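# Commentary on secondary and tertiary structure
Next come the chains, spelled out residue by residue.
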Amino acid sequence: MPELPEVETTRRGIEPHIQKQTVADICVRQRQLRWPVSRGLKKHLVGYSIRSVERRGKYLLVNLETGTLLIHLGMSGSLRVVDSDLIPDKHDHVDIVFSNQSCLRLRDPRRFGAVLWAGKQPLQHKLLSSLGPEPLSAEFDTDYLYRASRQRKVAVKQFIMDSKVVVGVGNIYANEALFLSGIRPTVAAGKISRARYETLLGHIKAVLEKAITAGGTTLRDFVSVEGNPGYFKQELLVYGRAGEACAVCKTTLKEIRQGQRSTVYCPRCQR
């Protein structure tokens, strides 16, 4: 599933190519995605120009004068800017066609994505209204994280992956940040000290910033036929390395399941 850095790179990749472009048409080939593609999009989009593309959590917000279109990439979705006459693939479900003959094309093989009209107050949409702060924002600080964790019995990894606590800390980045912080993923969130949360917060921000920076090298993919950045090539310390030696102490990394997700940690470095 595309995580926050992949979605942010998508935003940065497509915005320069669609900002200020006027929508000439919209083509919906498959309406049944995770939620049905909103009906009546033509009246909201056609004839109007794209003002900006923003991101909230893993949602892209395509802003026009008439309101905002929400796009979610789901499990396997991607967006590309292509020539509007390019023959679509069987998994190319939605095109937003512009007057310059380019189009923004959503490819979603597993159909878990979304294209929804959110009107003029998108942050009040039911999918966005309960989201926690952005992880790279000033609002997401040590005091906030420590206060939110008090009396919480849930494991710290699941706590920081809760979108109501903070958005966009996906499984890969939670594994890495907890390892770098020396915190065992199974420890109850409410039992972790403020000092350790300060360390964890710093590593959450750092691993996400590093991933976004790595994604900058894939921006050209958003204007190519085969554009699909996927996960960025990174030197991961624990994720996907179960059974291998810890990079710090050489202890064998362990893997467990938490909330149906893979968790890899070092039983010696993380306590």
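For the structure itself, consult the block above.
Reference entry: report on the structure contained in this document. (Residues numbered from 1 in each chain as written. Predicted model: local features only at pLDDT ≥ 70, side-chain atom pairs only at ≥ 80, totals over all residues. Heavy atoms only, no water.)

### Section: the sheet that holds strand S6 (residues 92-98)
- Across the sheet, four strands lie side by side as S1-S6-S7-S5; this open sheet has antiparallel pairing. The strands lining the two open edges of the sheet, one partner per strand, are strand S1 (23-28) and strand S5 (78-83). Taken pair by pair, the neighbouring strands of this sheet meet at an average axis angle of 20 degrees, ignoring direction.
- In this sheet, S6 lies alongside S1 in antiparallel orientation, the contact comprising five bridges. Residue Val-23 lies in a different strand from S6, and its bridge partner there is Phe-98.
- Sheet strands touched by helix H1 (residues 4-18): S5, S6 and strand S7 (102-107). Its angle to S5, the strand with the most contacts, is close to 25 degrees. (Pairing = 2+ DSSP bridges. Helix = DSSP H or I, 4+ residues; strand = E, 2+ residues; numbered from the N terminus. Axes fitted to C-alpha atoms, helices over the stretch in contact; angles between N-to-C directions. Contact = heavy atoms within 4.5 Å.)

### Some details on the pattern of salt bridges
- Summed over the entire model, instances satisfying the criterion amount to 15 salt bridges.
- The closest approach of N and O atoms between Arg-55 and Glu-8, which form a salt bridge, is 2.9 Å. Of this pair, Arg-55 sits in strand S2 (residues 50-56) while Glu-8 sits in helix H1, and the two are 47 residues apart along the sequence.
- Between Glu-134 and Arg-55 there is a salt bridge; the shortest N-O distance is 2.7 Å. Residue Glu-134 is located in the loop between strand S8 (114-119) and helix H3 (142-149), and its partner Arg-55 is located in strand S2; the two are separated by 79 residues in the primary sequence. Taken individually, Glu-134 and Arg-55 each receive the classification buried, so the pair is uniform in this respect.
- Shared partners join several salt bridges into a network, and the residues in it are Glu-8, Arg-11, Arg-12, Glu-15, Arg-55, Arg-56 and Glu-134. (Salt bridge = Lys/Arg side-chain N within 4 Å of Asp/Glu carboxyl O. Buried < 20%, exposed > 50% of the residue type's maximum accessible area, 1.4 Å probe, protein only.)

### Description of the packing of aromatic side chains
- By the definition in use, this model includes two aromatic pairs.
- On the basis of an interplanar angle of 65 degrees and a centroid distance of 6.2 Å, the ring pair of Phe-140 and Tyr-144 is categorised as edge-to-face. (Phe/Tyr/Trp six-rings, centres within 6.5 Å; stacked < 30°, edge-to-face > 60°.)

### Some details on the packing of H3 against helix H6 (residues 194-215)
- For the pair H3 and H6, interaxial distance at closest approach is 9 Å and the crossing angle is 125 degrees. Here H3 lies oblique to H6, going by the angle between them. The chirality of how H3 crosses H6 is right-handed. On H6, the residues that touch Thr-142, Asp-143, Leu-145, Tyr-146 and Ser-149 of H3 are Arg-194, Tyr-197, Glu-198 and Leu-201.
- Of the residues assigned to the contact of H3 with H6, the class counts are four nonpolar, two polar and three charged. (Parallel < 35°, antiparallel > 145°, perpendicular 65-115°, else oblique. Left-handed = near helix turned anticlockwise from the far one by under 90°. Nonpolar A, V, L, I, M, F, W, Y, C, P; charged D, E, K, R; others polar.)

### A short note on the sheet that holds S2
- Ordered by their spatial adjacency, four strands build an open sheet running S2-S3-S4-S8, and the pairing between neighbours is antiparallel. Either end of the sheet is taken by a strand with one partner, and the two such strands are S2 and S8. Averaged over all pairs of adjacent strands, the angle between strand axes in this sheet comes to 25 degrees, irrespective of strand direction.
- Where strand S4 (residues 67-72) meets S8, five bridges bridge the pair, whose relative direction is antiparallel. Residue pairing across strands places Leu-69 opposite Trp-117, the latter belonging to S8.
- Relative to S2, H1 is tilted by about 175 degrees, and along the sheet it contacts S2 and strand S3 (59-64).

### Notes on H6
- Between the first and last C-alpha of H6 there are 32 Å, a value that for 22 residues agrees with the 32 Å anticipated at 1.5 Å per step.
- Buried within H6 we find Tyr-197, Leu-200, Leu-201, Ile-204, Lys-205, Val-207, Leu-208, Ala-211, Ile-212 and Gly-215. Along H6, the residues classed as buried sweep out an arc of 165 degrees about the axis, all on the same side. Of the exposed residues in H6, those oriented more than 90 degrees away from the buried face are Ala-195, Lys-210 and Thr-213.
- Against H1, H3, helix H4 (156-160) and helix H5 (171-181) lie the buried residues of H6. (Expected span 1.5 Å × (residues − 1). Arc of directions from axis to C-beta.)

### Comments concerning the environment of Ser-181
- When you line up the elements, Ser-181 lands in helix H5.
- The exposure class assigned to Ser-181 is buried, which follows from its relative accessible area of 13%.
- In sequence terms Ser-181 and Thr-142 are 39 residues apart; their C-alpha atoms lie 14 Å from each other.

### Details of the packing of H1 against H6
- In the contact formed by H1 and H6, the axes pass within 9 Å of each other and the chain directions differ by 40 degrees. Viewed along their axes, H1 and H6 adopt a mutual orientation that is oblique. Helix-helix and strand crossings are classified by hand; for H1 and H6 the assignment is right-handed. Contacts between H1 and H6 involve Leu-4, Pro-5, Glu-8, Thr-9 and Arg-12 from the first element and Leu-208, Ala-211, Ile-212 and Gly-215 from the second.
- Residue composition of the contact of H1 with H6, grouped by class: five nonpolar, two polar and two charged.

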